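Now for the letters of each chain:
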Amino acid sequence: MSIVISVENLGKKYLLHHQSGRQPYVALRDVLSDGIKKLGRKLTGHGSKRTAVAEKEEFWALRDVSFEVRQGERIGIIGRNGAGKSTLLKILSRITEPTTGRVRIKGRIASLLEVGTGFHPELTGRENIFLNGAIQGMNRAEIKKKFDEIVDFAEIEKFLDTPVKRYSSGMYVRLAFAVAAHLEPEILVVDEVLAVGDAQFQKKCLGKMEDVSAKEGRTVLFVSHNLEAMKLLCLRGILLDKGQRLVDKGIEETADCFEALIQHGVFSCNPSSHVIFSKGQPPDGGFDLLEVSLVGPAGSPIAFVRTFDTFMFKVTFYSPDVYESKSASIFITTFNGRVLLRLGMYPFSSFKMTWKKGINEVLCQIVKLPLPAGSYLLRFGICESQTGEWLFERDVCHFEVLSNDVYNCGNPPTERLAAVVSDYAWQLVDD
Amino acid sequence: MSDDFDLVLEPGRGIRLYWRDIWQYRELFFFLAWRDILVRYKQTAIGIAWSVLRPLATMLVFTLVFGKLAKLPSNGVPYPLMVYAAMLPWQFFANSLSECSNSLIDNSNLLTKVYFPRLIVPASSVIVSVVDFGISALIFAGLMAWYGVAPDARMLLLPPFFLMALMTSFGAGLWLSALNVQYRDFRYVVPFLVQFGLYISPVGFSSTIVPEEWRFLYFLNPMVGVIDGFRWALLGGAFPVHWPGMIVSFLLVVLLLASGFYYFRRMERSFADVV
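None of the values given here were measured: they were computed from a predicted structure. (Residues numbered from 1 in each chain as written. Chains lettered and ligands numbered in written order. Predicted model: local features only at pLDDT ≥ 70, side-chain atom pairs only at ≥ 80, totals over all residues. Heavy atoms only, no water.)

1. A short note on the overall build of chain B
How we decide: Put simply, DSSP H or I for four residues or longer makes a helix, DSSP E for two residues or longer makes a strand, and each gets a number counted from the N terminus. Summary of the burial criterion: residues with accessible area below 20% of their type's maximum are buried, those above 50% are exposed, and those between are partly exposed, where the area comes from a 1.4 Å probe applied to protein chains only. Here, two residues are considered to be in contact whenever any of their heavy atoms come within 4.5 Å of each other. Areas reported here follow the Shrake-Rupley algorithm with a probe of radius 1.4 Å; residue values treat only the protein chains shown as occluding.
Along the backbone of chain B there are 12 helices and one strand. The N-to-C order of helical and strand elements in chain B reads β-α-α-α-α-α-α-α-α-α-α-α-α. The burial tally for chain B puts 55% of its 275 residues in the buried class. A fraction of 82% describes how many contacts in chain B between residues 6 or more apart in sequence connect residues 24 or more apart. Of the roughly 12,200 Å² that chain B leaves accessible, carbon and sulfur atoms contribute 71%.

2. Here's the deal with the overall build of chain A
The helix and strand tally for chain A stands at nine helices and 18 strands. Considering chain A as a whole, with its 431 residues, one finds that 48% of them fall into the buried category. Sequence separation of at least 24 residues holds for 70% of the intrachain contacts in chain A that already meet a minimum separation of 6. Accessible surface computed for chain A: about 21,700 Å², of which carbon and sulfur atoms make up 51%.

3. Brief notes about the interface of chain A and chain B
Interface size is commonly expressed as the accessible area that is lost once the parts come together. Put simply, the rule is: Once two parts are put together, the accessible area they lose, assessed with a 1.4 Å probe and summed over both, is termed the buried area. Note on definitions: salt bridges are taken to be side-chain nitrogens of Lys or Arg within 4 Å of carboxyl oxygens of Asp or Glu. The definition of a polar contact used here is a pair of N or O atoms within 3.5 Å, where within protein one atom must be able to donate a hydrogen and the other to accept one, and adjacent residues in sequence count solely through side-chain atom pairs.
On the side of chain B, 41 residues touch chain A, which itself brings 47 residues to the contact. Summed over both sides, the interface of chain A with chain B buries roughly 4,000 Å², with 63% coming from carbon and sulfur. In this structure, R94 of chain A and D21 of chain B form a salt bridge, with 2.8 Å as the shortest nitrogen-oxygen distance. Summed over the shared surface of chain A and chain B, the number is four residue pairs in polar contact (both at pLDDT 80 or more).

4. A few points about empty space enclosed by the protein
Residue and element names in this part refer to chain B. Condition: Whether a set of points on the 1 Å grid over the protein atoms alone is a cavity depends on a 1.4 Å probe fitting there but being unable to get out, while an open set qualifies as a pocket with protein on both sides within 12 Å along at least five of seven lines; lining residues are those with an atom within 4 Å of a point. Grid points are joined across faces, edges and corners, and a volume is the space filled by probe spheres set on the points. Residues are sorted three ways: Asp, Glu, Lys and Arg are charged, Ala, Val, Leu, Ile, Met, Phe, Trp, Tyr, Cys and Pro are nonpolar, and all the rest, Gly among them, are polar.
Scanning all chains against the criterion turns up four cavities of 30 Å³ or more. Its boundaries defined by the atoms lining it, the largest cavity holds a volume of some 60 Å³. Looking at the lining of the largest cavity, the elements that each hand over two or more residues are α3 (44-69), α4 (79-106) and α6 (120-147). For the lining of the largest cavity, the class distribution of residues is five nonpolar, five polar and two charged. Looking at the second largest cavity, its volume works out to about 40 Å³. Within the lining of the second largest cavity, the residues separate by chemical class into two nonpolar, three polar and two charged.

5. Considering unusual backbone geometry
All names here are of chain A. In this chain, Y346 is followed by P347 through a cis amide linkage whose omega measures 10 degrees. Looking at where P347 falls in the secondary structure, it is placed in the loop between β15 (339-344) and β16 (358-366). Positive phi values are uncommon outside glycine, yet N9 reaches one of about 45 degrees. Counting through the fold element by element, N9 comes out in strand β1 (residues 3-17). Positive phi, close to 55 degrees, is recorded for D64, a residue that is not glycine. Mapped onto the fold, D64 is located in strand β2 (residues 56-70). Taking the relative accessible area as the measure of exposure, D64 reaches 53% and is therefore exposed.

6. Section: a negative patch on the surface
All names here are of chain A. Under the convention used in this document: In this scheme, patches are assembled from residues that exceed 30% relative accessible area and form no salt bridge. Like charges are connected within 9 Å, while nonpolar side chains (Val, Leu, Ile, Met, Phe, Trp, Tyr) are connected within 5 Å. Lys and Arg are tallied as positive, Asp and Glu as negative. Neither His nor the chain termini are counted. Throughout, a charge is located at the NZ atom of Lys, the CZ atom of Arg, the CG atom of Asp or the CD atom of Glu.
Residues D148, E149, D152 and E157 make up a contiguous surface patch of negative charge. Its place among the elements puts D148 in helix α5 (residues 140-154). Assessed through its relative accessible area of 59%, D148 is described here as exposed.

7. Here's the deal with the pairing of strand β14 (residues 326-333) of chain A
Working note: regular strand, side chains alternate between the two faces of the sheet. Residues and elements named next belong to chain A. Here is the rule: Being paired, for any two strands, means DSSP has found at least two bridges between them.
Most of β14 sits inside the fold, with eight of its eight residues counted as buried. Along β14, one buried face is formed by K326, A328, I330 and I332 and the opposite face, lined by S327, S329, F331 and T333, is buried too. Bridge count between β14 and strand β17 (residues 374-384): eight bridges; the pairing is antiparallel. From the neighbouring strand, A328 faces β17, where its bridge partner is I382. Judged from the five bridges that link them, β14 and β15 form a sheet pairing that is antiparallel. The residue of β15 that forms the bridge with F331 is R342.

8. Section: the layout of surface pockets
Empty space within the second largest pocket amounts to approximately 580 Å³. Forming the boundary of the second largest pocket are 25 residues, of which R94, R108 and G137 of chain A together with Q24 and Y25 of chain B lie nearest the centre. At the level of secondary structure, the elements contributing two or more residues to the lining of the second largest pocket comprise β5 (109-112) and α4 (125-135) of chain A together with α1 (18-24) and α2 (26-40) of chain B. Considered class by class, the residues forming the lining of the second largest pocket number 10 nonpolar, seven polar and eight charged.

9. Here's the deal with the packing of aromatic side chains
Spelled out, the test is: Classification of ring pairs rests on two measures: the distance between centres of Phe, Tyr or Trp rings, Trp counted by its six-membered ring, which must be within 6.5 Å, and the angle between planes, read as stacked under 30 degrees, edge-to-face over 60 and tilted in between. In this scheme, the term charge over a ring applies when either NZ of a lysine or CZ of an arginine sits within 6 Å of the ring centre and within 35 degrees of the ring normal.
In the structure shown here, the tally under the stated rule is 32 aromatic pairs over all chains. With 5.3 Å between their ring centres and 75 degrees between their planes, F264 of chain B and F271 of chain B make a pair best called edge-to-face. Exposure class is identical for F264 of chain B and F271 of chain B. Each is buried. Its guanidinium or amino end placed over the ring of Y14 of chain A, K12 of chain A lies 5.2 Å from that ring's centre, counting from NZ or CZ.

10. Quick notes on the sheet that holds strand β7 (residues 219-223) of chain A
Residue and element names in this part refer to chain A. Using the following cut-off: Note on definitions: angles span 0 to 180 degrees between N-to-C directions of axes, and those axes are lines fitted to C-alpha atoms, for helices only across the stretch in contact.
If you trace the six strands from one edge of the open sheet to the other, you get β5-β6-β7-β3-β8-β9, paired in mixed fashion. Edge positions in the sheet fall to β5 and β9 (244-250), since each of these pairs with one other strand and no more. Each strand axis lies, on average, 20 degrees off the axis of its neighbour in the sheet, ignoring direction. Two elements, strand β3 (residues 74-79) and β7, share four bridges in a ladder whose sense is parallel. Bridging from a neighbouring strand, I75 pairs with L221 of β7.

11. Observations regarding the packing of α4 of chain B against helix α7 (residues 158-182) of chain B
All names here are of chain B. Rules: The scheme is simple: roughly parallel for angles under 35 degrees, roughly antiparallel for over 145, roughly perpendicular for 65 to 115, oblique for anything else. Definitions for this section: a left-handed crossing has its near helix turned counterclockwise from the far helix by less than a right angle. A right-handed crossing has that turn clockwise.
Contact geometry of α4 with α7 gives a least axis separation of 7 Å together with a crossing angle of 30 degrees. Of the possible angle classes, the one that applies to α4 and α7 is roughly parallel. Considering only the axes of α4 and α7, their crossing is right-handed.

12. Some words on the nonpolar core
Stated precisely, the cut-off is as follows: For this analysis, a nonpolar core means a set of buried residues of the types Ala, Val, Leu, Ile, Met, Phe, Trp, Tyr and Cys, connected via side-chain atoms within 4.5 Å.
The biggest cluster of nonpolar side chains holds 135 residues, and the ones touching the most others in it are I129 and F222 of chain A together with F116, F140, F230 and L235 of chain B. If you tally residues by element for this core, the top one is α4 of chain B, at 17 residues. Look past the residues within four positions of F230 of chain B in its chain and what remains in contact with it is A85, L88, P89, F133, L158, F161, F162 and L235 of chain B. Membership of the second largest hydrophobic core comes to 31 residues, among which are F317, I332, W355 and F399 of chain A.

13. Side note on the confidence of the model for chain B
Residue and element names in this part refer to chain B. To keep it simple, the criterion reads: Residue-level confidence of the predictor is summarised by pLDDT, bounded by 0 at the bottom and 100 at the top.
Summary statistics for chain B give a mean pLDDT of 85 and a share of 94% for residues scoring 70 or more. For chain B, helix α12 (residues 271-274) is the element with the lowest average pLDDT, namely 76, and α7 is the one with the highest, namely 92. Scoring the predicted complex yields pTM 0.68 and, for the interface, ipTM 0.78.

14. Observations concerning helix α10 (residues 222-235) of chain B
This is how the line gets drawn: For a helix, the expected span equals 1.5 Å multiplied by the residue count minus one.
Taking 1.5 Å of rise per residue, the 14 residues of α10 of chain B would be expected to cover 20 Å, and the 20 Å separating its terminal C-alpha atoms lies within 8% of that figure. When you tally the buried positions in α10 of chain B, you get 14 out of 14 residues, the bulk of the element.

Here's what the structure looks like:
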């Protein structure tokens, strides 16, 4: 597939005016009075250049961002508020100019930046479809051709000739999305439109966007705070923070990094952070733990785990000899030592294995980690499987479980609410 | 490879393809104008009545004050006709100037959300005033019939003078709309400008009452040229055109429009960041 968007070293600088306070724009009277003040200072010799400089502060909303987009890709752009997502989309959709760098675009680009952009409340639904279509760059013939489809999609036949000021917010959103979705641009830029509208319509929109991209080979750039929607729609994710591109990977991985970023405030998603413990020294001859790392179900390293995640601990340890009857265990405990989980080999489970002399690597998979978000301790031990006598035992490291909205209520379980998490269901028994 | 791309966005770029873009977005121009007209006349009774009443009322007051009380000359033409012939371009100028200067702010939600050549916004806002002008012109035709004054062949030269009025208001409107985005308190300047202009332009009186030695300078106000042109075209020989002055007015209009374009284009890039 060919490259349709090429972004090279893109930067956007804004000047923040501190003097004019909360107003983003300048008042002429301020400019005049400032000018007179400066002139006054110059004349009286009290002029100080420093104050003049301090009034303006540079702010880079985007800095040195580069990436390429291929035709038909669906890319989610993720980041905290003020990370530069909207600035990026604004540059791509030509609303504002970059300060540095270059963007090259192939094909028509249409943006759905906010629901109902350019809708006029006094005009009817029909009139607004034409107006909005024109604003998005469609000509009259195109709009006419698509008109019925748009009305169908938005489900507003009955209200076509009602001024949109009488529409419910749901109808408004549906109509706006319908127009944009039928634009047929080669590249569709979507910013936070799915925050509104009911769940069913959101699903419909996602479906439509997927259709547009998969069947018709269009490219979709998608910004949303709704990570779940993004995971459904996008395959690739770009994480922006403080105007810079941090991660550009599969959407799942990028979303995970984003969650880590939010949790810890700082970014810790570097490639080696899946290693949660590393001895950093050669083994000392006896049983010794060398490294513990986190591995995803597919076998690739992961940076953190969340409630109900399925993942593996990869443990690297040293065995002084060949053993068939030794048992290793991983414990997850609270900070006061209470064992929450014991993941043990035989005789604590049916897993038996033969260790070789030297370095052994073992994997221990946890299916649907039943722990709420919180901090735990990880302990590792090796014992005689017959007698249970400890040959090696130590608290290894902290083990963080990140929050996950497993009950879909916007209120992910944490260790303060309950010690363990499980699937459950409620129902009303009526007789 | 790099030539495959349709669009290159770079700092300071974007000007190259500007005229092509305007052509591509020409339908938007019509749609925006259509929207403004539709919205304006949606509350039909008030919309049309307003555009009829305002010039008529002003005409009555000026006729009373300048014609009856101050007894200014009207060169043998009924005073109301002379005033109304000037009200036509003046109302058009005043309306389109205020519409134009506020157009960018009024459409700020569009500017920050969608790309299109920004020039379309002030340009389409002028069109509403053209419709108003049409209505006023009909009333003028009625007035002419009422007073039994028939226009002559000079009326065919009305379109160029109308074009001059259009250029004047668009040129000034471009300046003011861009300044309005940059300096938000500029919007208070516009009504003042319009009100002030009404008295320094020969709307309520004939420009012939200006002393001969100052006549030429008077035409530095381009609306003097426009209004004199209208009177000459509509009311005939009673209002001879001061051609040197007219040329000065015209050159100023061209300058105003060109500089308006230039300033607007220069500021356009930052509109979305400032508005």
